[in-house]
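The lines below spell out each chain.
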Amino acid sequence: QVQLVESGGGLVQPGGSLRLSCAASGFTFSNYAMKWYRQAPGKEREFVAAVSSGGSNRNYADSVKGRFTISRDNAKNTMYLQMNSLKPEDTAVYYCNSVPPRSDWGQGTQVTVST
């Protein structure tokens, strides 16, 4: 059974940092590229960042480039998203999934950037 469990969200002030984690199970994690997505209230889910199966290739949405860093630890079946210089517009529920995406999404983790 595939499971994707996101964690690490919270409330942070503008300019602050958070590190999200995505723990994966039920499939061979190291064989798949992975992506982070986010969904803000009233908006469609959008792509945030991607990392190749081995971790060497990464790409980012323009809105987060230079502020967010995606990484993974295949020994731990876990992917990360280091988010720095957070802005109010980064407020959203953050999700992870494989490439291609599994049908069962995780519950996501809420990130709120506010004073």
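What counts and what doesn't
- Every residue gets a number counted from 1 within its own chain, in the order that chain's sequence is written.
- For a predicted model such as this one, the threshold for reporting local features is a pLDDT of at least 70, and the threshold for listing and counting side-chain atom pairs is 80 or more; totals across whole chains, interfaces and linings nevertheless cover every residue.
- The side-chain quantities take in all heavy atoms of the structure and omit both hydrogens and water.
- Each salt bridge in this description consists of a side-chain nitrogen of Lys or Arg and a carboxyl oxygen of Asp or Glu lying within 4 Å of one another.
- Residue exposure (1.4 Å probe, protein chains only): buried if accessible area is under 20% of the type maximum, exposed if over 50%, otherwise partly exposed.
- Working definition: a disulfide is two cysteine sulfur atoms within 2.5 Å of each other.
- A run of DSSP states H or I qualifies as a helix once it reaches four residues; a run of E qualifies as a strand once it reaches two. Both are numbered from the N-terminal end.
- Pairing between strands is defined by DSSP: at least two bridges between them are needed.
- Interaxial angle, 0 to 180 degrees, is taken between N-to-C directions of lines fitted to C-alpha atoms, where a helix line uses only the stretch in contact.
- Whether two residues are in contact is decided by their heavy atoms: any pair within 4.5 Å suffices.

Draft legend 1. How the structure looks around the pattern of salt bridges. Within the structure shown, the criterion is met by four salt bridges. Put simply, Arg-38 and Glu-46 hold a salt bridge, and the shortest N to O gap is 2.6 Å. Residue Glu-46 is classed as partly exposed on the basis of its relative accessible area of 36%. Here Asp-62 and Lys-65 are joined by a salt bridge, their closest N and O atoms 3.0 Å apart. Through salt bridges with shared partners, a single network forms among Arg-38, Glu-46, Arg-67 and Asp-90.

Draft legend 2. Inspection of the state of the cysteines at higher detail. Enumeration according to the criterion identifies one disulfide in this entry. Between the sulfur atoms of Cys-22 and its disulfide mate Cys-96 the distance is 2.0 Å. Handedness of the Cys-22-Cys-96 disulfide follows from its S-S torsion of about 70°: it is right-handed. Taken as a pair, Cys-22 in strand E3 (residues 18-25) and Cys-96 in strand E9 (residues 92-99) lie far apart in primary sequence, 74 residues in all.

Draft legend 3. Local environment of the sheet that holds E3. Sheet architecture is open: four strands sit in the order E1-E3-E8-E7, paired in antiparallel fashion. One side of each edge strand has no neighbouring strand; the edge strands of this open sheet are strand E1 (3-7) and strand E7 (68-73). Geometrically, the sheet is characterised by an average inter-axis angle of 15° between neighbouring strands, direction not taken into account. Pairing between E1 and E3: five bridges, direction antiparallel.

Draft legend 4. Representation of the environment of Val-64 in the model. Position of Val-64 relative to the elements: it lies in the loop between strand E6 (58-60) and E7. For Val-64, a relative accessible area of 0% corresponds to the buried category. Taking the C-alpha atoms as reference, Val-64 lies 28 Å from Phe-27; in sequence the two are 37 residues apart. In contact with Val-64, other than residues within four places in its own chain, are Arg-38 and Val-48.

Draft legend 5. Quick look at the pairing of strand E8 (residues 78-83). Burial of E8 is extensive: five of the six residues sit out of reach of the surface. Bridge analysis of E3 against E8 gives six bridges, and the strand direction is antiparallel. Bridge pairing links Leu-18 to Met-83 in E8. Direction of pairing for E7 relative to E8: antiparallel, over a ladder of six bridges. Note on E8: the bridge partner recorded for Ser-71 is Tyr-80.

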